[in-house]
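Analysis of the macromolecular model
Listed below are the residues making up each chain.
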Amino acid sequence: MRHRPLPSPPLSGQVLLVSGAAGGIGAATARALAARGVLLALTDRDEAAVRALAAELPGASAHVLDVTDRSACIDVVAAVTAAHGRLDAVWANAGISVYGPLDLVDADTWDAVLDVNLRGAANLVRAALPAVMQARGYVALTCSVASFVHQPGHTAYAASKAGLEALGDSLRSELTGTGVRVGTFHPGWIATSLVAEKEDHQPAFRRFREAVRPPFNTIHPVDAIVPEIVGAFEHRRARLVFPRVHWLAHALRPVAHTRALSAGVRAAAPEIRRLYAEQLQARQR
C-alpha cells in the first residue's frame, strides 16, 4: 500500500529543537523561523551566545548541549517536551570542520569532526525521534555539499557529511508510514565562521578554493540561504541544495571525482600539502 504524505502544517506554533544554533546558519535561520511563529528550543555548546539569541526571540528557550553526550541529548529533549507537551521537528545542525591532509591533521581533531557531525547528529535525532514520531513531524540534517563533492583536505568533513546524508536517506525510508518526513540540507560555501576562519588563516585552504572551478567556489552570504531553509521546514522537503547550481554536482556525483572533472583540485593537491606542512612547521617552532 502506498503511503501519501500529509500536507505540511503551518509553521506557526510548531516546536523545533535546533543544535548548533548560536551562530552562522543556525542563528540566522532561527531568527527567521521565530518571525514565522515557530517555538524554538535552541542548543549549543556556547552558553553565552545561545542564551543571548534565545533572549531575542519570542517563545525561545536556550539549552547548553554537547551533542556528543548522548545522555545530555536525552535530557534536553525531555526538558523541551515537558515545557511544550510536544516536539514537531528536530534539526541536527551542529557541525565543526578541520582542513588539511589526513596524515598531517591532528588525529584527535579529525576524530572530533566525526563525533560532532555524524555521531552527535545521530544522538540528537535518536533522542528526539519518539516525540517527533508522535507529532508526525520533521527531521532535518545539515549535510553540506561536501556530502557528495569530496575534495582534498576535507577527509574528516566529507566523511562525516557523506555519512550524515546516508543516515538521512536510510532514515527517510525507515520511517515510511509514520508520517515523519526527513530532510537533508546541503549548503555550499556560506560566509560563516567555519569558512572564514580557514579562509583567513590557512593558505592551504585558500589555494584549494582557488582550484575549484567557478561558480562552485563562490562564498554566499548567510542571509541568502535562510529563505531556502525556512521553505524546507515549511514544506518539509526531502532535500535542499544551495546554491542551486550544485544540483548539477549532485546529479553527476558518479562521475564528479573522475580525473577529467577533478583535474583542477588534483593539480593543486601537492601545493596544498606543501602549504599546510609549512604552516604546521611554523606553529611548532
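Anything mentioned here points back to the structure above.
The present account deals with the structure reproduced in this document. (Residues numbered from 1 in each chain as written. Predicted model: local features only at pLDDT ≥ 70, side-chain atom pairs only at ≥ 80, totals over all residues. Heavy atoms only, no water.)

Quick notes on the nonpolar core
With 34 residues, the main nonpolar core has Leu-16, Leu-40, Leu-42, Trp-91, Phe-185 and Phe-233 as its most contacted residues. Contributions of two or more residues to this core are made by β1 (15-18), α1 (24-35), β2 (39-44), α2 (47-56), β4 (89-92), β5 (138-142), α8 (222-235) and β7 (239-242). In contact with Leu-16, not counting residues within four places along its chain, are Leu-33, Val-38, Leu-39, Leu-40, Ala-41, Leu-87, Ala-89, Val-90, Trp-91 and Phe-233. Ranked by size, the runner-up nonpolar core spans 31 residues in total, among them Ala-72, Val-116, Val-139 and Leu-164. (Core = buried A, V, L, I, M, F, W, Y, C linked by side-chain atoms within 4.5 Å. Buried < 20%, exposed > 50% of the residue type's maximum accessible area, 1.4 Å probe, protein only. Helix = DSSP H or I, 4+ residues; strand = E, 2+ residues; numbered from the N terminus. Contact = heavy atoms within 4.5 Å.)

A word on the side chain of Asp-44
Position of Asp-44 among the secondary structure elements: in strand β2. No salt bridge is formed by the buried Asp-44; its nearest oppositely charged neighbour, Arg-45, is found at 6.0 Å. Within the local environment of Asp-44, its side chain forms a polar contact with the backbone nitrogen of Ala-21, the two atoms lying 3.3 Å apart. Not counting residues within four places of it along the chain, the set of residues in contact with Asp-44 comprises Gly-20, Ala-21, Ala-22, Val-50, His-63, Val-64 and Leu-65. (Lys, Arg positive; Asp, Glu negative; His and termini not counted. Salt bridge = Lys/Arg side-chain N within 4 Å of Asp/Glu carboxyl O. Polar contact = N/O pair within 3.5 Å; in protein donor to acceptor, adjacent residues only side chain to side chain.)

Notes on unusual backbone geometry
It is generally the case that most residues other than glycine have a negative phi and that most peptide bonds are trans. The omega torsion of the bond from Pro-214 to Pro-215 falls at 0 degrees, within 30 degrees of zero and hence cis. The peptide bond linking Phe-242 to Pro-243 adopts the cis configuration, its omega dihedral lying at -10 degrees. For Pro-243, the location among the structural elements is in the loop between β7 and α9 (246-251). A positive phi angle, near 50 degrees, is found at Arg-136, a position not held by glycine. Here Arg-136 lies in the loop between α4 (107-134) and β5. Since its relative accessible area comes to 38%, Arg-136 is described here as partly exposed. Not every positive phi belongs to a glycine, and Arg-236 is a case in point at roughly 50 degrees. With respect to the helices and strands, Arg-236 occurs in the loop between α8 and β7. The buried category is assigned to Arg-236, whose relative accessible area is 8%.

What about the pairing of strand β6 (residues 181-187)?
The element β6 is largely enclosed, with a buried count of seven among its seven residues. Side chains of β6 alternate between two faces, with Arg-181, Gly-183, Phe-185 and Pro-187 and Val-182, Thr-184 and His-186 buried alike. As defined by bridge partners, β5 adjoins β6 across five bridges and the pair is classed as parallel. Its bridge partner lying in β6, Thr-142 is registered against Phe-185. Regarding the hand of the β-α-β motif, the stretch spanning β5, helix α5 (residues 155-174) and β6 is right-handed. Across four bridges, the pairing between β6 and β7 is parallel. (Pairing = 2+ DSSP bridges. Right-handed = clockwise from strand over helix to strand, strands pointing away.)

Some words on the sheet that holds β5
Sheet architecture is open: seven strands sit in the order β3-β2-β1-β4-β5-β6-β7, paired in parallel fashion. Where the open sheet ends on each side, the last strands, each with one partner, are β3 (61-64) and β7. Taking the axes of each pair of neighbouring strands and ignoring which way they run, one obtains an average angle of 15 degrees across the sheet. Two strands pair when backbone bridges link them, and β1 and β2 are joined in this way by four bridges, in the parallel orientation. Across the sheet, Val-18 pairs through a bridge with Leu-42, a residue of β2. Taken strand by strand, α1 contacts β1, β2, β4 and β6, and its axis lies near 165 degrees from that of β2. (Axes fitted to C-alpha atoms, helices over the stretch in contact; angles between N-to-C directions.)

Considerations on the environment of Ala-52
By the secondary structure assignment, Ala-52 is in helix α2. Ala-52 sits 10 residues away from Ala-62 along the chain, and the two C-alpha atoms are 8.6 Å apart.

Some remarks on the state of the cysteines
In total, this model carries zero disulfides according to the counting rule given. The thiol of Cys-73 is not disulfide-bonded; the next cysteine sulfur, from Cys-143, is found 17 Å away. Residue Cys-73 is classed as buried on the basis of its relative accessible area of 0%. (Disulfide = S-S within 2.5 Å.)

Some details on the packing of aromatic side chains
Within the structure shown, the criterion is met by nine aromatic pairs. Relative to Phe-233, the ring of Tyr-138 lies with its centre 5.5 Å away and its plane at 80 degrees, an arrangement referred to as edge-to-face. With a gap of 95 residues between them, Tyr-138 in strand β5 and Phe-233 in helix α8 connect regions that are remote in the sequence. The ring of Tyr-157 has Lys-198 lying over it, and the distance from NZ or CZ to the ring centre is 5.9 Å. (Phe/Tyr/Trp six-rings, centres within 6.5 Å; stacked < 30°, edge-to-face > 60°. Lys NZ or Arg CZ within 6 Å of the ring centre and 35° of its normal.)

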